[in-house]
Amino acid sequence: MSAMTLQQFLSREVQFGAMDPKLPPVILSITDACKTISHKVRQGALAGVLGMAGTENVQGEDQKKLDVISNDIFVEALCASGQVCGLASEEVPEVISVPADYPIGPYLVAFDPLDGSSNIDINVSIGSIFSITTAVRPKREAVEADFLQPGNRQVCAGYVMYGPQTQLVFTLGKGVLMFTLDPNTGTFVLVQENLRVPAEAKEFAINCSNMRHWEAPVKRYIDELLAGETGPRAKNYNMRWVAAMVAEVHRILQRGGIFMYPRDNRDPKKAGKLRLLYEANPMAFLMENAGGRATNGHMRILDIEPESVHQRVAVFLGASEEVDTVTGYHAQ
Ligand code: AFP
């Protein structure tokens, strides 16, 4: 029997009454946008998409050309879905309204159109991350307050990873699914269902160059991992750092581990580097649906009440045993 395509999966969910028929157009608009982005990523310099755009995003970070191009592709596709009433993008300071020439629908989408930008020009994996929630009051002029819902209210979240394969991974709150883009047909094909994160980890991911800036619980936890079988954990660990959250999460969903981006003392005012609404929340939703955990060191990420659209947060996610350990150290 041929493998199921994304369209067939979504149609079946609607047919069985397991999915709002207004949701597939939103998901398909995202995956269509990601197919276009994938094509441009694969062309690289040949498509004139590498290098800096000469602009800054709301975080004050220099935007790469492909960041801006990817954002515009996401905005156009999502507005054309006819089922969204507001967008929030890492690349745009204010909430994005749906132009009057498009109908609106019940969904809000927060997204990082291209995560891991520092990898673009060196041909290393990058990805797009998305988070879909239902607007409390769907209206055309969505405002920031509409997006300030805890991550436990997400209806769908996931990412598309532009690696050796282009793969879509998402959850509807009932387990994690993985699809591979078939370059011959241009369709996403279901390759794995019910991805699980083992409770025990053999690998950890953190940017160790920040070690001197970490808080004590993080230093203690990492020192124990580095001590390996000679220390209290009594086993050796391997380390990975791809500098693209999508790639780290994908590895953890495939073979386990823990990913961390703690807050640090470089800028005590910043709660962390990663953004809550369109990086931490969608990845936390995936992790919990795969049997993993995700905290900010003190509480479940999905329970954090957002205060602003571009709010940052510390992130510890992956193997339950490891996230519980490092979170427990913060409580001591
Ligand atoms: P960029 O999109 O600016 O490259 O940041 C990527 C990211 O937000 C996340 O995807 C990585 O895990 C993390 O930052 C890498 O941060 P460092 O560059 O400080 O290691």
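Not measured: the values here are computed from a predicted model. (Residues numbered from 1 in each chain as written. Predicted model: local features only at pLDDT ≥ 70, side-chain atom pairs only at ≥ 80, totals over all residues. Heavy atoms only, no water.)

## With respect to helix α8 (residues 320-331)
Rules: In DSSP terms, a helix is any run of H or I states spanning at least four residues, a strand is any run of E spanning at least two, and both are numbered starting from the N terminus. What a helix is expected to span follows from its residue count: subtract one and scale by 1.5 Å. Residue contacts are counted whenever heavy atoms from the two residues lie within 4.5 Å of one another.
For α8, which comprises 12 residues, the first-to-last C-alpha distance of 16 Å matches the rise-based estimate of 16 Å (1.5 Å per residue) to within 8%. The secondary structure elements touched by the buried residues of α8 are α5 (216-227), β12 (258-261), β14 (293-295) and β16 (315-318).

## Here we look at the site of the ligand
Test applied: Working definition: residue near molecule or strand if any one of its non-hydrogen atoms lies within 4 Å of it. Pairing of N or O atoms within 3.5 Å defines a polar contact, subject to two protein rules: one partner must be a possible hydrogen donor and the other a possible acceptor, and residues neighboring in sequence count only if both atoms are side-chain atoms. A 1.4 Å probe and the Shrake-Rupley method give the accessible areas. Residues count as covered only by the protein chains that appear here.
In the vicinity of the ligand, 15 residues are found, and the nearest of them are D115, N207, W241, M245 and Y261. One nitrogen or oxygen atom from the side chain of D115 is found 2.9 Å from an oxygen atom belonging to the ligand. Within the backbone of M245, a nitrogen or oxygen atom sits 2.7 Å from an oxygen atom of the ligand. Isolated, the ligand exposes 480 Å² of accessible area, and the fraction of that covered by the protein chains is 86%.

## A word on the packing of α5 against α8
Put simply, the rule reads: To get an axis, a line is fitted to the C-alpha atoms, and for a helix only the part in contact is used. The angle between two axes follows their N-to-C directions and goes from 0 to 180 degrees. Orientation is classified from the angle alone, with under 35 degrees giving roughly parallel, over 145 giving roughly antiparallel, 65 to 115 giving roughly perpendicular, and any other angle giving oblique. Note on convention: near helix rotated counterclockwise from far helix by under a right angle means a left-handed crossing. Clockwise means right-handed. Think of it as three bins: nonpolar holds Ala, Val, Leu, Ile, Met, Phe, Trp, Tyr, Cys and Pro, charged holds Asp, Glu, Lys and Arg, and polar takes everything else, Gly as well.
α8 packs onto α5 with a crossing angle of 140° between their chain directions and a minimal axis gap of 8 Å. Here α5 lies oblique to α8, going by the angle between them. Considering only the axes of α5 and α8, their crossing is right-handed. Only E322, T325, V326, Y329 and H330 of α8 make contact with α5, whose side of the interface consists of P217, V218, R220, Y221, E224 and L225. The class makeup of the residues in the contact of α5 with α8 is 6 nonpolar, 2 polar and 3 charged.

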